[in-house]
Amino acid sequence: MVRLRSPPAKLPAPFQGAPCHEIEELISAAARSVVRITGQSGLDRQVFTDDMGRFEIANLPRGRYHLSALNPAATDQFTDPVELDLSRALSNRVSVNIFLRNDVITTSPKKEKPVVISVAEARQDVPKPARKAFEQALKLRGTKQYEQSLERFNRSIELFPPFFQAFAERGHLLIAMGRAPDAAADFARALELNSRYGPALRGSGICKFQQGKYAEAVQDLARAADAEPGNATVYLFMGTSYVALDRREPARAALEKALSLDPSAAVRAHVHLANLYLKENRLQEAAGELQAYLKIVPDAPDAEKLRAIEAQLRARLQKP
């Protein structure tokens, strides 16, 4: 059995040149947040962080896990994907850091794109009241009025049960609300109605990633990429899924594709790429990725620690 805990604030050991099973995601969870751990064997636990943002999970069987966190006081915060492999851990005490962060762009919130009804939906003859409720739900979600948005999505589906786009968009709302199991059910229903619908495939892949089902996530996300070739989020999660599977080349390709599509929305890909380069002892490239991330998000919650890591990497590069 392994005991999992959040470490005291210090520079993580992987960047000190010593072996360690600490996650290379470098932020501690906020105080009184909920930390959830799920495993491929079906394990699903939740614990609260203390007033210092620390947590501990005891008696974990060895295996692969996914960790996430939710701040009940700020539902617009989210965690980047965090994976943990305890199958080969040498110690019975393993430290892990989880980041809670807000959206990257906070100064001018993105407006919802104009609603586009697909050809498949047009053939469905979506009733005007259902379509109006759907459009209202999208606008409310865009301004983070989540409960009101949920009510409008519910109404649109009540008025027109085959409305697969409403199921998919409600699923993405539920992810933002921290209700991933409910979201997964919505994506599954949307795919029953339209098995090739990109937003539903993307959401399904994200949910499977969060459950630690990385190979299944890649399958859904690859199909989503065919349907939504310009969506950076698809490639970001595809890349992090490949990272979890230790498939480095496809991981690198997907993360770089995400950044090429939307450098702001996929900015965290720089950190994942830095981790890949560190695994290969390519310190110059790792430092460059951290520098690129900090240039775009200079006030990120983990900025101070990442700057310290970048400085340490560059110092090591200068040693003879």
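Residues numbered from 1 in each chain as written. Predicted model: local features only at pLDDT ≥ 70, side-chain atom pairs only at ≥ 80, totals over all residues. Heavy atoms only, no water.

**A word on the nonpolar core**
Put simply, the rule reads: Buried Ala, Val, Leu, Ile, Met, Phe, Trp, Tyr and Cys residues that are joined via side-chain atoms within 4.5 Å together make up what is termed a nonpolar core. Only protein chains enter the calculation, and the probe is 1.4 Å; a residue is then buried if its accessible area is under 20% of its type maximum, exposed if over 50%, and partly exposed in between. Each helix is a run of DSSP H or I of at least 4 residues and each strand a run of E of at least 2, with the numbering of both proceeding from the N terminus.
Ranked by internal contacts, the top residues of the largest apolar core, which has 69 residues, are Phe163, Met238, Leu255, Tyr293, Leu306 and Leu313. Per-element accounting of this core gives the leading share, 9 residues, to helix H8 (residues 232-244). Formed by 10 residues, the second largest nonpolar core is a distinct cluster that contains Val35, Ile37, Ile57 and Ala69.

**Overview of helix H11 (residues 283-296)**
Rule in force here: One fewer than the residue count of a helix, multiplied by 1.5 Å, yields its expected span. For this quantity, the arc is that covered by the directions from the helix axis to the C-beta atoms. Two residues qualify as a contact provided that any one of their heavy atoms is within 4.5 Å of a heavy atom in the partner residue.
Here H11 spans 20 Å end to end across 14 residues, near enough to the 20 Å set by a 1.5 Å rise per residue. Within the span of H11, buried status applies to Leu283, Ala286, Ala287, Glu289, Leu290, Tyr293 and Leu294. For H11, the buried positions fall inside an angular range of 160° around the axis, keeping them on one side. Next to the buried residues of H11 lie helix H10 (269-279) and helix H12 (303-318).

**Some thoughts on H12**
The first and last C-alpha atoms of H12 sit 23 Å apart over 16 residues, in line with the 22 Å expected at 1.5 Å per residue. What H12 keeps buried is the set Ala303, Leu306, Ile309, Glu310 and Leu313. One face of H12 carries all of its buried residues, which in axial projection span an arc of 125°. In H12, those exposed residues whose orientation departs by more than 90 degrees from the buried face are Glu304 and Gln318. At its buried positions, H12 is contacted by H10 and H11.

**A closer look at unusual backbone geometry**
Phi at Lys144 is positive, roughly 60°, even though this residue is not glycine. By the element assignment, Lys144 lies in the loop between helix H2 (128-142) and helix H3 (146-159). What makes Lys144 partly exposed here is its relative accessible area of 36%. At Asn281, a residue that is not glycine, the phi angle is positive and equals roughly 60°. A relative accessible area of 56% places Asn281 in the exposed class.

**A few points about the side chain of Thr240**
Put simply, the rule reads: For this analysis, a polar contact is any N or O atom pair within 3.5 Å, provided that within protein one partner can donate a hydrogen and the other can accept it, and provided that sequence-adjacent residues contribute only side-chain to side-chain pairs.
With respect to the element layout, Thr240 can be found in helix H8. For Thr240, the side chain forms a polar contact with the main-chain oxygen of Phe237, separated by 3.1 Å.

**Quick look at the environment of Gln148**
Mapped onto the elements of the fold, Gln148 is located in helix H3. Expressed as a C-alpha distance, the spacing of Gln148 and Ala137, which sit 11 residues apart in the sequence, is 7.4 Å.

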